[in-house]
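Architecture at a glance
Each chain is listed here by its residues.
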Amino acid sequence: MTNIVCPYCKQVISDTDTVCPYCTTNLVKNDYSKYLMPVGAALFVLWIAANIAGFVFLQNHLQVLTLKDKNNCLIFSLAEYIQLLIQPSIVVCAPYVIALIKKYQIKISIACISMCIILLMLFISYFIHLQKLAGI
Ligand SMILES: [Zn+2]
């Protein structure tokens, strides 16, 4: 028997405990859930960073929006951009959705999903604004 620190209340407990005697958290059930939030947060930061980098690039290279291929189609249309934005955002939301379904950290999950949706809306409206600036 060795002593470990409860990941929830930081009290020293035994590694044979299935329920923390201090905060009564079920340690077996939550063993898996403790990875959900960090994974979600890491994906979220990556997603935001990629979008900000994209916006900075587009602001400095607005002509990208009006580039056409040999069939005279827009290389980078609004629909394609929104698709590029929504697909990773589904991945970003996934850990929070799982946490919500499994009833782990429900308030944080709802807050994170709402934040993803709000940021997605902001990014899409920003891109619509850029497309208007580019004169499409
Ligand atoms: Zn505890």
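Look up a bit, the structure's there.
Quick look at the structure, then. Not measured: the values here are computed from a predicted model. (Residues numbered from 1 in each chain as written. Predicted model: local features only at pLDDT ≥ 70, side-chain atom pairs only at ≥ 80, totals over all residues.)

**A short note on the nonpolar core**
Judged by nonpolar contacts, Leu36, Trp47, Val92, Cys93, Tyr96, Ala99, Cys112 and Cys116 together constitute the single largest core of eight residues. Sorting the residues of this core by element identifies α1 (30-60), α2 (78-101) and α3 (106-133) as the ones contributing at least two each. Of the residues forming this core, the biggest block, four residues, is contributed by α2. Once residues within four sequence positions are removed from consideration, Leu36 is found in contact with Pro95, Ile98, Ala99 and Tyr104. (Core = buried A, V, L, I, M, F, W, Y, C linked by C-beta atoms within 7 Å. Buried ≥ 20, exposed ≤ 12 C-beta atoms within 10 Å, placed from the backbone. Helix = DSSP H or I, 4+ residues; strand = E, 2+ residues; numbered from the N terminus. Contact = placed C-beta atoms within 7 Å.)

**Focus on α2**
Here α2 spans 33 Å end to end across 24 residues, near enough to the 34 Å set by a 1.5 Å rise per residue. When the local axis directions of α2 are compared, the greatest deviation, roughly 35°, occurs at Ala94, which is followed within four positions by the proline Pro95. Taken together, the buried positions of α2 are Val92, Cys93, Pro95, Tyr96 and Ala99. Two residues or fewer past α2, Lys103 is found with a positive phi of approximately 65°. (Expected span 1.5 Å × (residues − 1). Bend = angle between axes of the 7 residues up to and from the residue.)

By themselves, these figures tell us nothing about what the structure is for.
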